[in-house]
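So the chains spell out like this:
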Amino acid sequence: AQKVTQAQTEISVVEKEDVTLDCVYETRDTTYYLFWYKQPPSGELVFLIRRNSFDEQNEISGRYSWNFQKSTSSFNFTITASQVVDSAVYFCALSGGGNTGKLIFGQGTTLQVKP
Amino acid sequence: DVKVTQSSRYLVKRTGEKVFLECVQDMDHENMFWYRQDPGLGLRLIYFSYDVKMKEKGDIPEGYSVSREKKERFSLILESASTNQTSMYLCASMRQLTRPSSNQPQHFGDGTRLSIL
C-alpha cells in the first residue's frame, strides 16, 4: 500500500528563521513521483515541485529547497529565511506508476511564520 | 494558466438533500479528480475520471457519485447528504500526455466548503 506521512502537524517560526518540513513515504512501485503543494488561506492548492524516483538530485528554487533520499524514503522541504507570506498548509503527495495520476496525500503541515 | 473553477466557495445544505458540486476546467485536460479535505487527514480521493463518461472510485466513494458528460466539467453528487459529509471539497484536473502520466502535476480549484445541517 502507498502512504505518505507528515509527522509535523503544526510548526511556528519567527520570520527569517529556516524551517524544514518532513515527508516520509511508502510505496512498492519502482517508478513513482513525489510532489509538494502549498495551500494558502485562500484555499487553492498551488503546485511547488515534482520529483521522479530516478532523480535523487536536490533542487533549489530561490528560498525553497528539496532533499530527496530514497534510502530513507524521505522528501523533505526547507524554506530558508522564512517570510510571513510562507504561512500556509503544505502537503506532500505521492503518485505511483500508471496513467491515472492519482495522488496519495500526507496529512499536511501548517506553517505559521510570525513577524 | 490553467483555470479550475468550482461553482461555489461556500454551501449550506440540509440532511437528506441531493447536493451537486460543479467543477469546470479550461485547459482540455483528460483527467479530473474530486477530493475531500479534513483536518488531520489531508486530502482523500473520492472519484476520478480519465475521459468523458469514464469514472473510477477513489479511496472514499461511499455516499458519492460523479458525472462527466463533457470533457471540461466534472460533477460530484451527494445522493442524500449527511452531516459526516461536511467538509472542504477540492476539484483538480491534469493533462494526460503519455503513458504513464503520473508525473504531471494536478491543478486545483479554490475548493467548496460544504456544511450539512
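The coordinates are above.
Residues numbered from 1 in each chain as written. Chains lettered and ligands numbered in written order. Predicted model: local features only at pLDDT ≥ 70, side-chain atom pairs only at ≥ 80, totals over all residues. Heavy atoms only, no water.

S.K.: Whenever I open this one, the layout of surface pockets confuses me. Can you help?
M.R.: Empty pockets left among the atoms are what a rolling probe the size of a water molecule brings to light. The computed volume of the largest pocket comes to approximately 510 Å³. Looking at the lining of the largest pocket, the elements with two or more residues in it are β10 (88–95) and β12 (109–114) of chain A together with β4 (31–38) and β9 (87–94) of chain B. A per-element tally of the lining of the largest pocket places β10 of chain A first, with three residues. Per-class residue counts for the lining of the largest pocket are nine nonpolar, 14 polar and four charged. (1 Å grid on protein atoms, 1.4 Å probe; cavity = no way out; pocket = protein on both sides within 12 Å on 5 of 7 lines; lining within 4 Å. Points joined across faces, edges and corners; volume = space filled by probe spheres on them. Helix = DSSP H or I, 4+ residues; strand = E, 2+ residues; numbered from the N terminus. Nonpolar A, V, L, I, M, F, W, Y, C, P; charged D, E, K, R; others polar.)

S.K.: What is the right way to read the pairing of strand β11 (residues 112–116) of chain B from this model?
M.R.: If a strand is regular, its side chains alternate between the two faces of the sheet. Residue and element names in this part refer to chain B. Residues of β11 alternate between two faces, with Thr 112, Leu 114 and Ile 116 buried on one and Arg 113 and Ser 115 left unburied on the opposite face. Looking at chain direction, strand β2 (residues 10–13) and β11 are connected through four bridges and run parallel. Residue pairing across strands places Leu 11 opposite Leu 114, the latter belonging to β11. Strand direction decides the pairing type here: β9 and β11, joined by three bridges, are antiparallel. Across the sheet, residue Tyr 89 finds its bridge partner in β11, namely Thr 112. (Buried < 20%, exposed > 50% of the residue type's maximum accessible area, 1.4 Å probe, protein only. Pairing = 2+ DSSP bridges.)

S.K.: Sorry, what's going on with the nonpolar core here?
M.R.: One broad rule of soluble globular proteins: the nonpolar side chains tend to lie buried together. Residue and element names in this part refer to chain A. Ranked by size, the top nonpolar core spans 23 residues in total, and within it Trp 36, Phe 77, Tyr 90 and Leu 111 carry the most contacts. Of all the secondary-structure elements, those providing two or more residues to this core are β2 (10–14), β3 (19–21), β5 (33–39), β8 (64–69), β9 (74–79), β10 and β12. Counting residues per element, this core draws most heavily on β10, which supplies four residues. (Core = buried A, V, L, I, M, F, W, Y, C linked by side-chain atoms within 4.5 Å.)

S.K.: Teacher, can you tell me more about the pairing of β4 of chain B here?
M.R.: All names here are of chain B. Summarising burial for β4: eight of the eight residues are buried, a large majority. The alternating pattern of β4 places Asn 31, Phe 33, Tyr 35 and Gln 37 and Met 32, Trp 34, Arg 36 and Asp 38 on opposite faces, both of which are buried. As paired strands, β4 and β9 are joined by seven bridges and run antiparallel to one another. When the sheet's bridge partners are listed, Tyr 35 is paired in β9 with Leu 90. Judged from the seven bridges that link them, β4 and strand β5 (residues 42–51) form a sheet pairing that is antiparallel. Among the inter-strand pairings, Met 32 is bridged to a residue of β5, identified as Ser 49.

S.K.: Just checking my understanding: could you explain the pattern of salt bridges for this structure?
M.R.: Opposite charge on two side chains permits pairing when their charged atoms draw close. As enumerated under the stated definition, the model contains 11 salt bridges over all chains in all. The salt bridge involving Asp 110 of chain B is made with Arg 9 of chain B; its shortest N-O contact spans 4.0 Å. Of the two residues, Asp 110 of chain B is situated in the loop between β10 (107–108) and β11 and Arg 9 of chain B in the loop between β1 (4–6) and β2; the sequence distance between them amounts to 101 residues. Judged by its relative accessible area of 35%, Arg 9 of chain B falls in the partly exposed class. Salt-bridge contacts for Lys 71 of chain B lead to Asp 28 of chain B; the nearest nitrogen and oxygen are separated by 3.3 Å. Here Asp 28 of chain B lies in the loop between β3 (19–25) and β4 and Lys 71 of chain B lies in the loop between β7 (64–70) and β8 (73–78), a separation of 43 residues in the sequence. For Asp 28 of chain B, a relative accessible area of 46% gives the class partly exposed. When salt bridges that share partners are traced, they join Arg 51, Asp 55 and Glu 59 of chain A into one network. (Salt bridge = Lys/Arg side-chain N within 4 Å of Asp/Glu carboxyl O.)

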